[in-house]
Amino acid sequence: MIRPIGIGNINNFKKYATNITFAGKPVEIEKRSLPDYDDCLSYWEKLKESKYLDTRSDSEHPEYRNIRMQNYGFLKRIDKITPMFIFPHEKDYRLDFSKRYCAETGFPFVKLSTEKIKSEFKKVLKISSLNLNKKYNCNNFDVLLAGYSPICPVGLGCAYPASGFKGGYVILIGDSGSKFDDLKSKKYSKRVDEEYACMAFEDELYDNVDQHILSFNHKGAIPRIVTYQYFVDNLKILDKYADELVKENGAKYYEYIKENEYENIGKSIIFNKDIAKKIEENNSKISKEEAVDFAYLVETVIENPAIKSLMKADLSGDVIKKPKRENPIVGGYTNDAILDIAKRLQESNFAKFSNVTRLKKTFEQLHEEQAAQELLRRREMPRQFREAESNSKLETISRVIMYSSNDHRNKDSEYFRDPIDTSKEFEIIKNELTK
């Protein structure tokens, strides 16, 4: 996850946060030598906790995958202890586990599993906020706004359980509406700043999410967590450069590029290239890499239903009447800070012309053959699953479960291909803008 400006080495913050886990090595489940079916169900229950499937140190320790595979071993054990021929007095353990899994996650109905993922996201946001506010006896961990990419499987409404959540973000706000004051407990005597607040919230999300439903254990799944003040401050910095560019080249120039030059990646991001040049020329305190990641955040926040709806209204003027508009992600009613973000984005040249997500081009891909086939494949899953034998059902479920931590077999990659996958394109764009 990209941290707010100035975070430096994560080790600098560990000394302020001795009770934060920051684990990266998955915990191995203690198993009996010959587990029965009830044991297998208890192992599956443990996998609700993210620590048993932790992937955060995989790049440094690829051998950690072996621990996760051992934790998944109960799936093969279920298959092994199921009798070859099921007599009336015997239980088909494969079928029983399949029924339990489907009832819990909504699988194989991708619309239902998506709704469960969205509900779990709301739930874990609230739990994390309440836990941290209670721990520090404050209201510094309130969630102002949260969401995810509109073109990830969750955004498209076609996600498998515990997968497809990408481009997530959380914007926190403190008591003052902008700052995080000192957060103190018996263990803390030093100042705990905004960067720590974001780190603490991430760790709380990780510890409290139901891994059966929503997984933060695959690439791009952990939400980016920032504060309201960080969002506002960075937007001001980048808008200064954006306003200069509009004066130099004209708004219509950048409008035309964003609307029409989307086939050619290089041409479509000319505005962001010009921003990168400004950053370099001015020796800005925001780096080119941070500017790209912030651009992605801004473009995703604009697609948040609450923000998108507000931006359709005239938010000009100093006084804005606060409407009772429900925030569909977090819950509750729109407050002044959300209105402020919507107004800033509505007036922002940076928000208007930034194009690192190339959403217009991406949304058009939904009508292309490949994306349509992937969507159809997912929507046909209920019929295929219903007609399958119990061993095939368990095998399919095992694939889905292991996919949540990227531990599926390589030959299954096509089986789980997203209808629209922009990760490689974004890497190309990021490399182009940071070189």
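Residues numbered from 1 in each chain as written. Predicted model: local features only at pLDDT ≥ 70, side-chain atom pairs only at ≥ 80, totals over all residues. Heavy atoms only, no water.

### Details of the overall build of the chain
Along the chain, the regular secondary structure elements total 21 helices and three strands. Burial status across the chain gives 52% buried among its 435 residues. Relative to all contacts within the chain whose residues are 6 or more apart in sequence, the contacts with residues 24 or more apart total 76%. Carbon and sulfur atoms provide 48% of the accessible area of the chain, an area that totals close to 21300 Å². (Helix = DSSP H or I, 4+ residues; strand = E, 2+ residues; numbered from the N terminus. Buried < 20%, exposed > 50% of the residue type's maximum accessible area, 1.4 Å probe, protein only. Contact = heavy atoms within 4.5 Å. Areas by Shrake-Rupley, 256 points an atom, 1.4 Å probe, with all protein chains shown as cover.)

### Looking at the side chain of T55
Considering the arrangement of structural elements, one finds T55 in the loop between α2 (37-46) and α3 (64-71). The buried category is assigned to T55, whose relative accessible area is 16%. Setting aside chain neighbours within four positions, we find T55 in contact with R68, Y206, N217, H218 and S405.

### Brief notes about the confidence of the model for the chain
The predicted model of the chain has a mean per-residue pLDDT of 83, with 83% of residues at 70 or higher. Across residues 1-22, confidence stays below pLDDT 50; counting only partners more than four residues off in sequence or on other chains, it has 49 contacts. Under a pLDDT of 50 for its full length, residues 319-333 has, in the predicted model, 40 contacts with residues more than four places off or in other chains. (pLDDT = per-residue confidence, 0-100.)

### Some thoughts on the sheet that holds strand β3 (residues 224-227)
Spatial ordering of the open sheet is given by β1-β2-β3, a layout of three strands whose pairing is mixed. The open sheet has two free edges, formed respectively by β1 (142-147) and β3, since each of these has just one partner strand. For this sheet, the mean angle separating the axes of adjacent strands, direction not counted, is 20°. In the sheet, strand β2 (residues 169-173) pairs with β3 via four bridges, with the strands oriented parallel. Each bridged residue has a counterpart across the sheet, and for Y169 the counterpart in β3 is R224. Contacts from helix α8 (residues 194-208) reach β1, β2 and β3 within the one sheet, and its direction differs from that of β3 by about 145°. (Pairing = 2+ DSSP bridges. Axes fitted to C-alpha atoms, helices over the stretch in contact; angles between N-to-C directions.)

### Examining the pattern of salt bridges
Following the criterion strictly, the structure yields 29 salt bridges and no others. The partner of D407 in a salt bridge is R68, and the shortest N-O contact between them spans 2.7 Å. Of this pair, D407 sits in the loop between α20 (390-403) and α21 (423-434) while R68 sits in helix α3, placing them 339 residues apart in sequence. Note on D407: relative accessible area 1%, which makes it buried. Of the charged contacts in the structure, one is a salt bridge between E303 and K308, with a shortest N-O distance of 3.0 Å. Given a relative accessible area of 38%, K308 falls into the partly exposed group. Through salt bridges with shared partners, a single ionic network connects D58, R65, R68 and D407. (Salt bridge = Lys/Arg side-chain N within 4 Å of Asp/Glu carboxyl O.)

### Re the nonpolar core
I171, F231, L345 and F350 are the most contacted members of the largest nonpolar core, which has 47 residues in total. The dominant element in this core, judged by the number of residues it contributes, is helix α9 (residues 228-249), at 11 residues. Leave out the neighbours within four places in its chain, and F350 touches L235, L238, D239, A242, F271, I275, A291, F294, A295 and V298. In terms of nonpolar packing, the next biggest core, distinct from the first, is built from 31 residues, Y72, F97, I401 and F416 among them. (Core = buried A, V, L, I, M, F, W, Y, C linked by side-chain atoms within 4.5 Å.)

### A short note on helix α15 (residues 336-347)
The end-to-end C-alpha separation of α15 is 16 Å, in line with the 16 Å expected for 12 residues at 1.5 Å each. Within the sequence span of α15, burial applies to A337, I338, L339, D340, I341, A342, K343 and L345. On its buried face, α15 sits against β1, β2, α9, α13 (288-302), α14 (305-311) and α16 (349-353). (Expected span 1.5 Å × (residues − 1).)

### Concerning the environment of K430
Its place among the elements puts K430 in helix α21. The spatial distance from the C-alpha of K430 to the C-alpha of V356 is 8.1 Å, given a sequence separation of 74 residues. Polar side-chain contacts of K430 include one of 3.0 Å to the side chain of D293. (Polar contact = N/O pair within 3.5 Å; in protein donor to acceptor, adjacent residues only side chain to side chain.)

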